[in-house]
Amino acid sequence: MKKMGAYSQDTAELTFEDARVPVANLLGEEGKGFYYLMDKLQQERLMCSNGALVVAQEMLQTTMNYVKERHAFGQPISSFQNTQFEIAEMATELTVARTFLDDLSTRHMNGEAIVTEVSMAKWWVTDMARRMSARCLQLHGGYGYMEESDIARRYREVAVMPIYAGSNEIMKNSIARNLGL
Ligand SMILES: Cc1cc2nc3c(=O)[nH]c(=O)nc-3n(C[C@H](O)[C@H](O)[C@H](O)COP(=O)(O)OP(=O)(O)OC[C@H]3O[C@@H](n4cnc5c(N)ncnc54)[C@H](O)[C@@H]3O)c2cc1C
């Protein structure tokens, strides 16, 4: 399928109609496939959140390098207060996300059931990364819109993160349900 980003990751639709699986090839118990899949959702959401965190960190570093190099009106754009506030806010959000995810990763590795917190992380961190991609692109000015810039590629790639691995709306449904609503 032709996508707006993530070109190196092949994406295709798979359809299984009247597929027969020989008994010798059965994994686990018959009829329990979806439960096995559900059992790994916590891990998938955690991986997706950590992926978004790394992309956000890369985008911020790329942008910090750029604003120090790029000059406008005789000074680096990093000297403008708006640029500094943008960077400071993004660095703060990134630190909050990293602290949360480090805690969740440790708890997951200890075998804790943290599906509600992982759903919170999945929607919040991927949404943060998506917002950050637009903010970082803005700080690149017109160059950010050029295909050759790293930030343009990140902007396109990060857009899928709030959609896949369970859309962010579904994460919020799940959180609300687990809160007893
Ligand atoms: C690049 C890419 C890779 C993917 N890789 C995989 C993969 O490896 N394996 C896999 O199984 N799937 C994969 N997917 C599919 C992905 O999981 C789905 O696209 C995603 O779950 C959303 O489903 P949908 O596209 O049918 O959107 P829809 O269900 O049509 O949703 C459209 C919008 O409606 C919202 N919505 C839907 N239902 C509700 C609801 N009940 N309440 C509130 N809002 C709702 C959604 O959140 C979304 O905003 C991939 C998708 C992409 C784009």
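Note that the structure is predicted; figures quoted are calculated from it, not measured.

> Please give an account of the site of the ligand that cites residues and values.
Neighbouring residues of the ligand: Lys 3, Ala 6, Thr 11, Val 160, Ile 163, Tyr 164, Ser 167, Glu 169, Ile 170 and Asn 173. Across the shell around the ligand, the residue classes break down as five nonpolar, three polar and two charged.

> Which residues make up unusual backbone geometry, and what are the values?
We note that Ala 6 has phi near 50°; this positive angle belongs to a residue other than glycine. Positive phi is not limited to glycine here, since Ala 165 has a value of about 60°. Position of Ala 165 relative to the elements: it lies in the loop between helix H5 (150-158) and helix H6 (168-178). A tally of 21 C-beta atoms within 10 Å means that Ala 165 is categorised as buried.

> So, the nonpolar core: which residues are in play, and what are the values?
Of all hydrophobic cores here, the largest spans 28 residues; its most connected members are Ala 52, Ala 56, Val 125, Ala 129 and Met 132. Breaking this core down by element, the ones donating at least two residues are helix H2 (41-69), helix H3 (81-109), helix H4 (115-139) and H5. Of all the elements, H4 adds the most residues to this core, at ten residues. With residues near it in sequence (within four places) discarded, Met 132 still touches Ala 56, Met 59, Leu 60 and Met 90.

> Could you give me a rundown of the packing of H2 against H3, with the residues and numbers involved?
The N-to-C vectors of H2 and H3 enclose an angle of 155°; their axes lie 10 Å apart at closest approach. When the axes of H2 and H3 are compared, the pair comes out roughly antiparallel. Like other packed secondary-structure pairs, H2 and H3 cross with a definite hand, here left-handed. Along its contact with H2, which presents Gln 42, Gln 43, Leu 46, Ser 49, Asn 50, Leu 53, Ala 56, Gln 57, Leu 60, Met 64 and Val 67, the element H3 presents Thr 83, Ile 87, Met 90, Ala 91, Leu 94, Ala 97, Arg 98, Leu 101, Leu 104, Ser 105 and His 108.

Reading guide: rules and limits
- Residues numbered from 1 in each chain as written.
- Predicted model: local features only at pLDDT ≥ 70, side-chain atom pairs only at ≥ 80, totals over all residues.
- Near = placed C-beta within 6 Å.
- Nonpolar A, V, L, I, M, F, W, Y, C, P; charged D, E, K, R; others polar.
- Helix = DSSP H or I, 4+ residues; strand = E, 2+ residues; numbered from the N terminus.
- Buried ≥ 20, exposed ≤ 12 C-beta atoms within 10 Å, placed from the backbone.
- Core = buried A, V, L, I, M, F, W, Y, C linked by C-beta atoms within 7 Å.
- Contact = placed C-beta atoms within 7 Å.
- Axes fitted to C-alpha atoms, helices over the stretch in contact; angles between N-to-C directions.
- Parallel < 35°, antiparallel > 145°, perpendicular 65-115°, else oblique.
- Left-handed = near helix turned anticlockwise from the far one by under 90°.

The quantities given are spatial measurements derived from coordinates; they are silent on function.
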